[in-house]
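What follows is the residue order along each chain.
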2 protein chains.
Amino acid sequence: MKKLINKPEDVVREELEGMALAFPDMIKVHFDPNFVYRADAPVKGKVAVISGGGSGHEPMHGGFVGVGMLDAACPGQVFTSPTPDQMLEATKMVDGGAGVLHIVKNYSGDIMNFEMAADMARSEGIRVLSVIIDDDVAVKDSLYTQGRRGVGTTVLAEKICGAAAEKGYDLKKLADLCRKVNINGRSMGMALTPCTVPMAGKPTFTLGEDEMEIGIGIHGEPGRERMKLKTADEITEMLALSIIEDPPYRRTMREWDEAKEEWVDVTLEDPPFKAGDQVLAFVNSMGGTPVIELPIVYRKLHQVCEKKGLKIVRNLIGPYITSLEMQGCSITLLKMDDELIKLWDAPVKTPGLRWGM
Amino acid sequence: MKKLINKPEDVVREELEGMALAFPDMIKVHFDPNFVYRADAPVKGKVAVISGGGSGHEPMHGGFVGVGMLDAACPGQVFTSPTPDQMLEATKMVDGGAGVLHIVKNYSGDIMNFEMAADMARSEGIRVLSVIIDDDVAVKDSLYTQGRRGVGTTVLAEKICGAAAEKGYDLKKLADLCRKVNINGRSMGMALTPCTVPMAGKPTFTLGEDEMEIGIGIHGEPGRERMKLKTADEITEMLALSIIEDPPYRRTMREWDEAKEEWVDVTLEDPPFKAGDQVLAFVNSMGGTPVIELPIVYRKLHQVCEKKGLKIVRNLIGPYITSLEMQGCSITLLKMDDELIKLWDAPVKTPGLRWGM
């Protein structure tokens, strides 16, 4: 295992220490339990937005803490869910009196631990609503997940909801917005190479010299198909068409009902993409992909969208939800409207995403 | 060779096509000869800033074209110098009447071809001055270079000179500023893994499973030493101390003398770092490095700087001058003063670096 690390067990702590030293104007880091939070938290009267998940997907989520995006992020160990006490303490730290939105990626451990933290925070008098992101069209049910996994749309939901919170959306309206982003966003990824979790010391999976995995998860979970290596254009078309032609997707999720004061089942359906839609096109590097290759993927994605009548009105290209040194990419398309475009364009200042300030 | 590409010979063209499709508000791309230029070029009355070099180091340089940074960038084939006609046509395209600054990395091919382009542009009545960046303390003379190679400081020079050009610096003052950045910036890099040029199809060099190369060049040129893998802290300390303790470096460079109307030899000396200096600390990913590892390097760099009495006043952390999928990092320290800090903080809007707008 070749990595720029010291002891494998110190990777997350030392990464967080480095983040705190590098970005003191944007973030602070709390240790034991670990979480990253806005340097100016809590912001009185603003709904706070929190996310979290396993480490190894940087800059998500810690790199997205700052003005205009997240109020806090709770990193677990590499590819491991954070614990409820992390989310509870982060929630208490950043609540400015207007409540806290938890954005949760659909992995069984994350769901369970965020739910527990939300219950505990509510018992301490803090309003919490949770929205689950499940945007990966590749597979239904996977190694760590019931239903679809939460991937690239999470980054977009964090930016958009962060901007809306700055603009004064209340907790209920913010949760509705986050749900809207989730059902309008779809993703799919692929890998050319595996990655190695530091504590494991060996690759999570193996791929032959001429093989790739289509529909892979961000932890290297099996995807749709392992196949012979294809060209960038063929790969991009496969991913893009799987997303664009995905039929309406209906699932039931647990959400907190503030009126009933209990968790209830909510059924949501993703509307399909259709010609004439405006979309944000997100080409994400899995982490180890040469930067030169991303515009090559974007080029073909643009052509496929055009052919399908989708108009790309915004884009994001780079390593934003990664899998350590994995080479490969994922594509996310999010159907946009005026509200989402305005929120996307709003200023943001975080270590991992920054413009307008 | 596993890459997200189509035909190896189409990589650069398709990358540029993708860039043009993705960032039409910031850049345009000219083909045959190839160069990226500001969407609003030429900017009347502003000195234009141009750089260029082999592809494979993205986002440098094409990703740094836009308001507040470069007016144009000329990409060669992967790890290959651009040709004089690229720089000549780019120079003619972006000259707004106030002259053009060429920022040239110290590689023999780049030096020769930029010099030829500058002579041709002058013969067409355009004022051109050139400044060479040679900041890599690792080795003197290398596979492609006489003297020190041009690496990380180039990114900083492009940002700082781009901001100064926006603020109205004239050509002479801008060249002086660029020279000041060069002599106050020093870098050194290392690799854990090699990279593969698409047209070559096999790795540029090989490293054993427990080996790394310290002082490597951005094309995989040999560095100071190949040694057994060490920890991130040990590696960072080696790089940082090589930079901080580098003695005054004196060399002679060819520069255009506008009064004499000829190329003259200019001798420059890098002042050494000393306790009390304010620095910008730049931790650069070689491209394939997991994002989580960069703050671990920054953490130790911060500690070493503190011990040596250097105060980090600004930083930059991420993949900015890469070597395809190479895993590893480079460190650059630039001594800052009020002028450089102000220019660093100025708004910039490019595909690869963006804030304040």
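Residues numbered from 1 in each chain as written. Chains lettered and ligands numbered in written order. Predicted model: local features only at pLDDT ≥ 70, side-chain atom pairs only at ≥ 80, totals over all residues. Heavy atoms only, no water.

**What to know about the environment of A:Lys274**
All names here are of chain A. Selection rule: A run of H or I in DSSP counts as a helix once it spans at least four residues, and a run of E counts as a strand once it spans at least two, with each numbered from the N terminus. Two residues form a contact once any of their heavy atoms are found within 4.5 Å.
Its location among the elements puts Lys274 in the loop between strand 11 (262–270) and strand 12 (278–285). The spacing of Lys274 and Lys228 is 46 residues in sequence and 31 Å in space, taken between C-alpha atoms. When sequence neighbours within four positions are dropped, the list of residues in contact with Lys274 reads Leu310 and Lys335.

**Describing the relation of the copies chain A and chain B**
We apply this condition: Least-squares fitting of one copy onto the other uses the C-alpha atoms of those residues that reach a pLDDT of at least 70 in both copies.
For the match of chain A to chain B, the screw axis carries a shift of 0.0 Å, the RMSD comes to 0.0 Å, and the turn is 180°. Accordingly, the operation relating the two chain copies is best matched by a two-fold axis. Same-surface contact between copies: 100% of interface residues of chain A are shared with the interface of chain B.

**Looking at the environment of B:Leu207**
The test is simple: Whether a residue is buried, partly exposed or exposed follows from its accessible area with a 1.4 Å probe, protein chains only, as a fraction of its type maximum: under 20%, in between, or over 50%, in that order.
Tracing the sequence through the fold places B:Leu207 in the loop between strand 7 (185–191) and strand 8 (211–214). On the basis of relative accessible area, B:Leu207 is assigned to the buried category, the value being 14%. Linking B:Leu207 and B:Ser108, residues 99 residues apart in sequence, is a C-alpha distance of 26 Å. When sequence neighbours within four positions are dropped, the list of residues in contact with B:Leu207 reads A:Lys2, B:Ala191, B:Leu192, B:Thr193, B:Met212, B:Glu213 and B:Arg226.

**Quick notes on helix 6 (residues 232–244) of chain B**
As a reminder, the rule being used: Helices are assigned an expected span. That span is 1.5 Å times one less than the residue count.
Between the first and last C-alpha of helix 6 of chain B there are 18 Å, a value that for 13 residues agrees with the 18 Å anticipated at 1.5 Å per step. If you follow the buried residues of helix 6 of chain B, they end up packed against strand 7, strand 8, helix 7 (293–307) and strand 14 (328–336) of chain B.

**A few points about helix 7 (residues 293–307) of chain A**
Residues and elements named next belong to chain A. The end-to-end C-alpha separation of helix 7 is 22 Å, in line with the 21 Å expected for 15 residues at 1.5 Å each. The element helix 7 is largely enclosed, with a buried count of 12 among its 15 residues. Once helix 7 finishes, Gly309 follows within two positions and takes phi at roughly 80°, a positive value.

**Considering the interface of chain A and chain B**
To be explicit about the condition: What gets called buried area is simply the loss in accessible area from a 1.4 Å probe that two parts show on being joined, summed for both. Definition used for salt bridges: Asp or Glu carboxyl oxygen within 4 Å of a side-chain nitrogen of Lys or Arg.
Each partner contributes to the interface: chain A provides 58 residues, whereas chain B provides 58 residues. Across the chain A/chain B interface, buried area totals approximately 4,800 Å², and carbon plus sulfur atoms make up 66% of it. On the chain A side of the interface with chain B, the three residues burying the most area are A:Lys2, A:Leu4 and A:Ile292, jointly 20% of the side's total. Across the contact surface, chain A and chain B share four salt bridges.

**Digging into the domain arrangement of chain A**
All names here are of chain A. This is how it is decided: Note: domain ranges come from an automatic or database domain assignment. The term polar contact refers here to a pair of N or O atoms within 3.5 Å; inside protein, the definition further demands a hydrogen-donor-capable atom paired with an acceptor-capable atom, and it admits residues adjacent in sequence only when both atoms are side-chain atoms. Residue polarity is assigned by list, with Asp, Glu, Lys and Arg as charged and Ala, Val, Leu, Ile, Met, Phe, Trp, Tyr, Cys and Pro as nonpolar; anything else, Gly included, falls into the polar class.
Partitioning chain A into structural domains gives domain 1 (12–184 + 249–267 + 338–355) and domain 2 (187–244 + 274–336). Its C-alpha centre places domain 1 at a distance of 23 Å from the equivalent point of domain 2. Domain 1 puts 34 residues into the contact, and the matching count from domain 2 is 34 residues. Approximately 2,800 Å² of surface area, both sides summed, lies buried where domain 1 meets domain 2, with 67% of it carried by carbon and sulfur atoms. Among the ionic pairs, Asp345 bridges to Arg314, the shortest N-O distance being 2.6 Å. Here domain 1 and domain 2 share 13 residue pairs in polar contact (both at pLDDT 80 or more) between them. Listed by contribution, the elements that provide at least two residues to the side of domain 1 that touches domain 2 are helix 4 (153–166), helix 5 (171–184) and helix 8 (338–345). Classifying every residue of the side of domain 1 that touches domain 2 by side-chain character gives 20 nonpolar, eight polar and six charged.

**Section: the packing of aromatic side chains**
Residues and elements named next belong to chain B. Under the convention used in this document: Any two rings among Phe, Tyr and Trp, with Trp reduced to its six-membered ring, count as a pair given centres within 6.5 Å; such a pair is stacked if its planes are under 30 degrees apart, edge-to-face if over 60, and tilted if neither. Counting as a charge over the ring demands two things of the Lys NZ or Arg CZ atom: a distance within 6 Å of the ring centre and an angle within 35 degrees of the ring normal.
This structure, assessed with the given rule, holds eight aromatic pairs over all chains. Considering the side-chain rings of Phe35 and Tyr37, the 5.5 Å spacing of their centres and the 50° angle between planes classify their relative orientation as tilted. Both residues of the pair, Phe35 and Tyr37, belong to the buried class. One residue, Lys173, lies across the ring of Tyr169, its end atom 4.1 Å from the ring centre.

**A few points about a nonpolar patch on the surface**
We apply this condition: The residues that make up patches have over 30% relative accessible area and no salt bridge, and they are joined within 9 Å when like-charged or within 5 Å when they are Val, Leu, Ile, Met, Phe, Trp or Tyr. All accessible-area figures derive from a Shrake-Rupley calculation using a 1.4 Å probe, and residue coverage is judged against the displayed protein chains alone.
Nonpolar side chains collect at one region of the surface, where B:Met112, B:Met116 and B:Met120 lie side by side and expose about 270 Å² of accessible area between them. Turning to its location among the elements, B:Met120 is positioned in helix 3 (residues 108–123).

**Let's talk about the sheet that holds strand 13 (residues 311–318) of chain A**
All names here are of chain A. For clarity, the cut-off: Note on pairing: two strands pair once DSSP finds at least 2 bridges between them. Note on method: axes are straight lines fitted to C-alpha atoms, helices fitted across the in-contact stretch only, with angles between N-to-C directions ranging 0 to 180 degrees.
Taken in spatial order, the six strands line up as 9-8-7-14-12-13 in an open sheet, and their pairing is mixed. Of all the strands in the sheet, just strand 9 (225–228) and strand 13 have a single pairing partner and so form its edges. Averaged over all pairs of adjacent strands, the angle between strand axes in this sheet comes to 20°, irrespective of strand direction. Pairing between strand 8 (residues 211–214) and strand 9: four bridges, direction antiparallel.

**Quick look at the pattern of salt bridges**
Per the stated rule, a full pass over the model turns up 64 salt bridges over all chains. Among the salt bridges present, the one from B:Glu17 reaches A:Arg299, with a minimum N-O distance of 2.5 Å. Residue B:Glu17 is found in helix 1 (residues 11–22), and its partner A:Arg299 is found in helix 7; the two belong to separate chains. Exposure remark for B:Glu17: the relative accessible area of 21% places this residue in the partly exposed category. One salt bridge connects B:Glu255 with B:Arg179, and the closest N-O pair in it is separated by 2.6 Å. Remark: B:Arg179 occurs in helix 5 (residues 171–184) and B:Glu255 occurs in strand 10 (residues 249–257); sequence separation between them is 76 residues. For the pair formed by B:Glu255 and B:Arg179, the shared burial category is buried.

**Here's the deal with the sheet that holds strand 6 (residues 128–133) of chain A**
Adjacent strands of a sheet form backbone hydrogen bonds with each other and so pair up, either parallel or antiparallel. Residues and elements named next belong to chain A. A sheet is described by the order of its strands in space; here six strands give the open sequence 1-2-4-3-5-6, paired in mixed fashion. Pairing within the sheet leaves two strands with one partner each, and these edge strands are strand 1 (27–30) and strand 6. When the angles between neighbouring strand axes are averaged without regard to direction, this sheet yields 20°. As judged from the four bridges shared by strand 3 (residues 48–55) and strand 5 (residues 100–105), these two strands associate in the parallel manner. Pairing of Ile50 across the sheet is with His102, part of strand 5. Against the sheet, helix 3 (residues 108–123) engages strand 3, strand 5 and strand 6, with an angle of about 165° to strand 5. Contacts from helix 4 reach strand 2 (35–38), strand 3, strand 5 and strand 6 within the one sheet, and its direction differs from that of strand 5 by about 170°.

**With respect to the environment of B:Asp136**
Residue and element names in this part refer to chain B. Checked against the element boundaries, Asp136 lands in the loop between strand 6 (128–133) and helix 4 (153–166). Among all residues touching Asp136, those that are not within four sequence positions of it are Arg148, Arg149, Val151, Ser187, Met188 and Ile216. At 2.9 Å, the side chain of Asp136 forms a polar contact with the backbone nitrogen of Ala138. Looking at Asp136, its side chain comes within polar contact range of the side chain of Arg149, at 3.0 Å.

**Thoughts on the state of the cysteines**
All names here are of chain A. Keep this limit in mind: Pairs of cysteine sulfur atoms within 2.5 Å are what we label disulfides.
Scanning all chains against the criterion turns up zero disulfides over all chains. Not part of a disulfide, Cys178 finds its nearest cysteine sulfur in Cys161, a span of 3.8 Å. Among the residues examined, Cys178 registers a relative accessible area of 0% and is labelled buried. Not part of a disulfide, Cys305 finds its nearest cysteine sulfur in Cys329, a span of 13 Å. For Cys305, a relative accessible area of 0% puts it in the buried group.

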